[in-house]
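Observations on the three-dimensional arrangement
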Amino acid sequence: MRFLFHHLPDVVIAILGMAAQLFTVRQLKLRKPTAIVVLAVGWSALLFGLSLRSQRIYSALPLAVSNGLGTASFLTLLLSLGFAFAIALWIWVPRPQPYHDPARRRLLAVTRTAILASPVAAVGYGVFIQRDSFRLREVDIPVRGLHPDLNGLRLVQISDIHLSPFLSERELARAVDMANETRAHVALMTGDLITSYRDPLDACIGQLARLRADSGIIGCLGNHEVYARAEDYATAQAARAGIRFLRDRSEVLRFNGQPVNFTGVDYQRMHEPYLTGTGRHVVPGMTNILLSHNPDVFRTAAAQGFDLTISGHTHGGQITVEILHQNVSVARFYTPYVYGLYRENGASIYVTRGIGTVGVPARLGAPPEVALLRLCAI
């Protein structure tokens with residue numbers, strides 16, 4: 001039961017995908033040997049793609065192969081659903097008789113084709129257009145007890161870079177240039193510089209070192225630094241480049257003579273106790289900001305006395321669909337803090353979409369962003 005709970009999103013996706021493929025094959029009335037082969041290939045692609053979420057497999061395969069297989073499994077699911085919708089429409093909509101209007105026959109044929117092609121078109125848009133359409137997101141962050149001299153303090157955040165074959169160094173440089181245009185007081189990097197150990201970590205650090213802010217660059221590490229076993233290396237190389245990764249430690253920075261306490265933590269694993277011992281870094285009477293790649297720690301952070309938590313990790317869902325005015329994505333299975341500004345009990349958290357992708361090299365409904373956070377007194 002614990003396994004099913006921890007992997008519920010994968011289980012749900014697997015069941016839906018396999019059911020859609022089975023439905024499609026049955027409606028096509030394929031011969032039994034053909035149906036077995038089609039289902040074997042389809043289910044294998046879907047399940048193997050989902051199994052790539054096991055980071056051991058990510059590390060064991062070349063990144064281009066693992067991302068390609070993940071994309072193939074996702075396309076398999078979308079195509080299966082497309083076939084299912086098209087066949088359902090074919091069955092439920094009465095077929096025109098010979099004496100019916102030929103225009104109606106053509107309209108039905110076009111409609112079926114459009115439904116079948118829509119998943120492919122959506123993925124193509126997410127891969128080739130929205131994936132690297134970086135935008136600057138400006139957000140005013142209310143902070144309780146903020147000193148008047150800190151009102152309007154600007155923090156620029158870059159997160160979830162995933163420098164890889166699907167996000168080039170040139171694209172990262174474009175995001176860094178966008179961040180530099182904000183003239184922020186401090187630059188923040190909240191984890192996932194790369195996806196696997198095969199990715200160009202040094203090149204990523206080199207580009208981040210170009211960030212310009214009055215008080216320099218600080219940050220925290222993400223889960224992919226853990227998977228790549230690169231936490232210590234990234235910390236040391238970043239320090240040489242002037243980037244301070246806060247790993248269960250804090251640093252007090254002063255702006256207009258007023259102190260702000262920044263604390264950073266390594267990736268907090270899901271479904272385990274969050275922020276054990278981190279509360280010791282909170283300084284009473286000072287604005288306390290937590291950098292945590294995983295946003296699910298927010299309630300624990302607020303209870304410990306942190307006024308603001310700054311996170312990434314979710315990619316804003318990366319692929320989201322709006323249903324009844326609600327954005328639906330796999331990330332909602334993991335955390336209620338998927339994207340944007342949230343407030344609870346006087347504390348705030350901002351969760352950025354980040355700029356990279358993982359698994360499926362596409363973004364739909366969650367365009368990549370560089371975030372400019374302005375602190376506001378309340």
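Residues numbered from 1 in each chain as written. Predicted model: local features only at pLDDT ≥ 70, side-chain atom pairs only at ≥ 80, totals over all residues. Heavy atoms only, no water.

We now examine unusual backbone geometry. For Asn-256, which is not glycine, the phi dihedral falls at a positive 55°. Along the chain, Asn-256 falls in the loop between strand S6 (249-255) and strand S7 (258-264). Residue classification places Asn-256 among the exposed residues on the basis of a relative accessible area of 64%. Unlike most non-glycine residues, His-315 shows phi in positive territory, near 60°. Inspection of the secondary structure assignment puts His-315 in the loop between strand S9 (308-311) and strand S10 (321-323). (Helix = DSSP H or I, 4+ residues; strand = E, 2+ residues; numbered from the N terminus. Buried < 20%, exposed > 50% of the residue type's maximum accessible area, 1.4 Å probe, protein only.)

With that settled, the discussion passes to the packing of aromatic side chains. All chains considered together, the criterion is met by three aromatic pairs. Judged by centre distance (5.3 Å) and plane angle (80°), the rings of Tyr-337 and Tyr-342 are edge-to-face. What links up through ring pairs into an aromatic cluster is the set Phe-298, Tyr-337 and Tyr-342. (Phe/Tyr/Trp six-rings, centres within 6.5 Å; stacked < 30°, edge-to-face > 60°.)

A few words now on helix H10 (residues 231-240). Along an α-helix, residues three or four apart share an orientation, since each turn contains 3.6 residues. Where H10 is concerned, the buried positions are Glu-231, Ala-234, Thr-235 and Ala-238. Looking straight down H10, one finds its buried side chains confined to an arc of 100°; they lie on one side. Of the exposed residues in H10, those oriented more than 90 degrees away from the buried face are Asp-232 and Arg-240. Immediately beyond the C-terminal end of H10, within one or two residues, lies Gly-242, with a positive phi of roughly 90°. (Arc of directions from axis to C-beta.)

The six strands are arranged S1-S14-S2-S3-S4-S5 in an open sheet whose pairing can be described as mixed. Edge strands, defined here as strands with exactly one partner in the open sheet, are strand S1 (135-143) and strand S5 (243-245). Looking at each pair of strands side by side, their axes are set apart by 25° on average, direction ignored. Across nine bridges, the pairing between S1 and strand S14 (residues 369-377) is parallel. (Pairing = 2+ DSSP bridges. Axes fitted to C-alpha atoms, helices over the stretch in contact; angles between N-to-C directions.)

Glancing now at the pattern of salt bridges. Applying the stated rule across the entire model yields 10 salt bridges. Arg-247 is the partner of Asp-232 in a salt bridge, and the nearest nitrogen-oxygen pair spans 2.9 Å. On the criterion of sequence distance, the pair formed by Asp-232 in helix H10 and Arg-247 in the loop between S5 and S6 is long-range, its members being 15 residues apart. Shared partners join several salt bridges into a network, and the residues in it are Glu-231, Asp-232, Arg-247 and Asp-266. (Salt bridge = Lys/Arg side-chain N within 4 Å of Asp/Glu carboxyl O.)

Right, let's get into helix H7 (residues 169-180). Spanning 12 residues, H7 covers 16 Å between terminal C-alpha atoms, matching the ideal 16 Å at 1.5 Å per step. Along H7, the residues that are buried comprise Glu-171, Leu-172, Ala-173, Ala-175, Val-176, Met-178, Ala-179 and Asn-180. Taken together, the buried residues of H7 touch S1, strand S2 (154-158), helix H8 (201-208) and S14. (Expected span 1.5 Å × (residues − 1). Contact = heavy atoms within 4.5 Å.)

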